[in-house]
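Below, each chain spelled out in residue letters.
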Amino acid sequence: MRLLVLGGGAREHALVWKLRQSPLLSALFAAPGNPGIATHAELVAVDPNRPRAVTDFALQKRIDLVVVGPEAPLVAGVADALRAAGVEVFGPSAAAAQVEGSKAFAKDVMLAAGVPTARSEVFDDAQAAAARARAWGPVVVKADGLAAGKGVVVADSGEEAAAACLALGQVPAGKRILLEERLSGPELSVIALCDGTRFVLLPPSQDHKRIFDGDQGPNTGGMGAYAPAGLLADAELGEVGRAVIEPTLKELARRGAEFRGALYAGLMLTKEGPRVLEFNARLGDPETQPLLMMVKDDLVPYLQACARGRLEASAVALHSGAAVGVVLAAHGYPGTPRQGDQIHGLDGAQPPGVQVFHAGTRLSDDGKLVTAGGRVLTVCAQAESIAAARVLAYQVAEQVRFEGRHFRRDIAAKAPVH
Ligand code: AMP
Ligand code: GLY
């Protein structure tokens, strides 16, 4: 089989690392990829956000399956263009990707499907949203559109919420605003590989979104993750499948927006049970990095079966133990990251069970590996326990050095052990 992976982050590096191990593979391309991905796949200079360019490349190279990493190509209609050209693709149509592209759409689907979620109201006018927020008090303010993780404000007062509404009204993603009941509890990610109606669940995982230890400081794209997250027992995970994933797929199909790809439910485990905070139309980043280190099965047949609408398996075989991923970020992240700092310590072989996945890296003109983005690397380790995986991941994280390097020391530190 000939595969093309779209994207160039650590999630996509983990994907190509895993896909490369498949005996079914005869060729593997990545667009645009990164220097880490280049060790497993041939990089191609095709813009993933241009459906026509991706489709032309896939046809020309006789690609059997395209795997879409990030959300932007999905929302831009890459999967639609590929399917129309007869190319199989793991990733939903633009219509189905609206579960991530529009929070109002996602809420509407959840309500119609009876999926447990926070109470909310939608506004097409920032002034009206601000007035309602002032009266509501502590409330969560969300931009409707894609805002690269910057579209949510958890406000402690009506005044703060009203100010957030007015600020969001100034950006394109905030033309429509949601106000949402403020819930509390630990957060968890549940990701399902879906074929339109059927699905398999990956183990629950947990992201760490704040920049500093102890969940302090501003939100980021994610500073680390681990899996499986023992906050959800096996039976409860199955219940999330039945109460969240299954009805959502059914409702999307009923609307003619069949979902073939990874459906990511961001959950809050409230005292009343799990509530969906958000859907993503793709695998999570950084969750995918530890998750794929836990997957024992060949991933290719799963992705192909989902793309074809013919998923028959009911579970993915996993390794025992756990995996932990620690993100190494650049100076200045999550603000404007500094680029061009040379990365040291990646030359030798890593210890068994360790993978270092690249995100914001590039080769300088004189061939040195340098930083080129906010989240630079995810150092991942898989071992017999979360504690052992943490020790291993942090041992390597310490050894990989660049000016301004920052990472959290408490990834998976509070993970409950079963
Ligand atoms: P989202 O992009 O919708 O996942 O929101 C980003 C973050 O905001 C989540 O990871 C939560 O920490 C927080 N958040 C979102 N919705 C709520 C809510 N209804 N109640 C409390 N916190 C929330
Ligand atoms: N880790 C959060 C996300 O992928 O959206």
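This text goes with the structure placed above it.
Residues numbered from 1 in each chain as written. Chains lettered and ligands numbered in written order. Predicted model: local features only at pLDDT ≥ 70, side-chain atom pairs only at ≥ 80, totals over all residues. Heavy atoms only, no water.

Participant: How should the overall build of the protein be read in this particular structure?
Facilitator: Looking only at helices and strands, the protein features 12 helices and 22 strands. Relative to the 2.2 N^0.38 estimate, which gives 22 Å for 418 residues, the radius of gyration of the protein is 21 Å and therefore close to what a compact globule would have. Each principal axis of the C-alpha atoms in the protein carries an extent, and together these give about 60 × 45 × 45 Å. Sorting the 418 residues of the protein into buried and exposed places 57% on the buried side. Intrachain contacts of the protein at a sequence separation of at least 6 include 69% that bridge at least 24 residues. Total accessible area on the protein stands at roughly 16,800 Å², and carbon and sulfur atoms take up 51% of it. Here the protein contributes 43 positive and 45 negative side-chain charges, whose respective centroids are spaced 1 Å apart. (Helix = DSSP H or I, 4+ residues; strand = E, 2+ residues; numbered from the N terminus. Rg over C-alpha atoms; globule rule 2.2 N^0.38 Å. Buried < 20%, exposed > 50% of the residue type's maximum accessible area, 1.4 Å probe, protein only. Contact = heavy atoms within 4.5 Å. Areas by Shrake-Rupley, 256 points an atom, 1.4 Å probe, with all protein chains shown as cover. Lys, Arg positive; Asp, Glu negative; His and termini not counted. Charge placed at Lys NZ, Arg CZ, Asp CG, Glu CD.)

Participant: Mind showing me how you'd approach the site of ligand 1 here?
Facilitator: Surveying the vicinity of ligand 1 reveals 15 residues, the closest of which are Lys142, Glu180, Glu181, Leu183 and Glu187. Here a nitrogen atom of ligand 1 and a backbone polar atom of leucine 183 are 2.9 Å apart. Between ligand 1 and glutamate 187 there is a distance of 2.4 Å, counted from an oxygen atom to a side-chain nitrogen or oxygen. Alone, ligand 1 offers 470 Å² of accessible surface; in the complex the protein occludes 88% of this. Within the residue set of the shell around ligand 1, elements represented by two or more residues are strand S7 (139-143), strand S8 (152-155) and strand S17 (273-280). When grouped by side-chain class, the residues that make up the shell around ligand 1 number 7 nonpolar, no polar and 8 charged. (Near = heavy atom within 4 Å. Polar contact = N/O pair within 3.5 Å; in protein donor to acceptor, adjacent residues only side chain to side chain. Nonpolar A, V, L, I, M, F, W, Y, C, P; charged D, E, K, R; others polar.)

Participant: What am I meant to see in the sheet that holds strand S22 (residues 375-383) here?
Facilitator: Strands belonging to one sheet form pairs held by backbone hydrogen bonds; the direction of such a pair is parallel or antiparallel. Spatially, S12-S15-S18-S22-S19 is the arrangement adopted by the 5 strands of the open sheet, whose pairing is antiparallel. Pairing within the sheet leaves two strands with one partner each, and these edge strands are strand S12 (206-207) and strand S19 (354-358). Here 5 bridges tie S19 to S22, and the two strands are oriented antiparallel to one another. What sits directly across from valine 354, in S22, is alanine 381. Taken strand by strand, helix H1 (residues 10-20) contacts S19 and S22, and its axis lies near 130 degrees from that of S19. Its contacts with the sheet put helix H12 (residues 386-399) on strand S15 (224-227), strand S18 (322-329), S19 and S22, and the angle it makes with S18 is roughly 30 degrees. (Pairing = 2+ DSSP bridges. Axes fitted to C-alpha atoms, helices over the stretch in contact; angles between N-to-C directions.)

Participant: Sorry if this is basic, but what is going on with the layout of surface pockets here?
Facilitator: Using a probe with the size of a water molecule, rolled over the atoms, empty space left in the structure can be pinpointed. Of the volumes computed, that of the second largest pocket is approximately 600 Å³. For the second largest pocket, the lining is made up of 33 residues, of which Pro203, Pro204, Pro228, Ala229 and Asp234 are closest to its centre. Elements supplying a minimum of two residues to the lining of the second largest pocket: strand S11 (199-201), helix H9 (234-254) and H12. Partitioned by chemical class, the residues of the lining of the second largest pocket number 23 nonpolar, 7 polar and 3 charged. (1 Å grid on protein atoms, 1.4 Å probe; cavity = no way out; pocket = protein on both sides within 12 Å on 5 of 7 lines; lining within 4 Å. Points joined across faces, edges and corners; volume = space filled by probe spheres on them.)

Participant: Please explain H9 as it appears in this structure.
Facilitator: Count 3.6 residues to each turn of an α-helix, and residues three or four apart come out pointing the same way. Taking 1.5 Å as the rise per residue, H9 with 21 residues should run 30 Å; its terminal C-alpha atoms sit 29 Å apart, in good agreement. Its axis deflected by about 30 degrees at glycine 241, H9 carries its strongest bend there. Of the surrounding secondary structure, the elements contacted by the buried residues of H9 are helix H5 (98-101), helix H6 (103-113), strand S10 (187-195), S11, strand S16 (260-270) and S17. (Expected span 1.5 Å × (residues − 1). Bend = angle between axes of the 7 residues up to and from the residue.)

Participant: Is there a simple way to think about the site of ligand 2 in this case?
Facilitator: Close contacts around ligand 2 come from Asp207, Gly221, Tyr264, Asn280, Arg282, Gly284, Asp285, Pro286 and Glu287, and that covers them all. In this structure, a nitrogen atom belonging to ligand 2 sits 2.8 Å away from a side-chain N or O atom of aspartate 207. Here an oxygen atom of ligand 2 sits 3.1 Å away from a polar atom, N or O, in the side chain of asparagine 280. Here the shell around ligand 2 is composed, by residue class, of 2 nonpolar, 3 polar and 4 charged.

Participant: Explain the pattern of salt bridges here, please?
Facilitator: Between side chains of opposite charge, pairing is possible as soon as their charged atoms come close. Across all of its chains, the model carries 25 salt bridges by this definition. Here glutamate 278 and lysine 209 are joined by a salt bridge, their closest N and O atoms 3.8 Å apart. Here lysine 209 lies in the loop between S12 and strand S13 (210-212) and glutamate 278 lies in strand S17, a separation of 69 residues in the sequence. Residue glutamate 398 pairs with arginine 409 through a salt bridge whose shortest N-O separation is 2.5 Å. (Salt bridge = Lys/Arg side-chain N within 4 Å of Asp/Glu carboxyl O.)

Participant: Before we go on, may I ask you to explain the pairing of strand S1 (residues 2-7) in this structure?
Facilitator: Within a regular strand, the side chains alternate between the two sheet faces. Counting buried residues along S1, 6 of its 6 residues qualify, which places the element largely inside the surrounding structure. Once the chain exits S1 it traverses H1 before rejoining the sheet at strand S2 (residues 27-32), and the crossover so formed is right-handed. (Right-handed = clockwise from strand over helix to strand, strands pointing away.)

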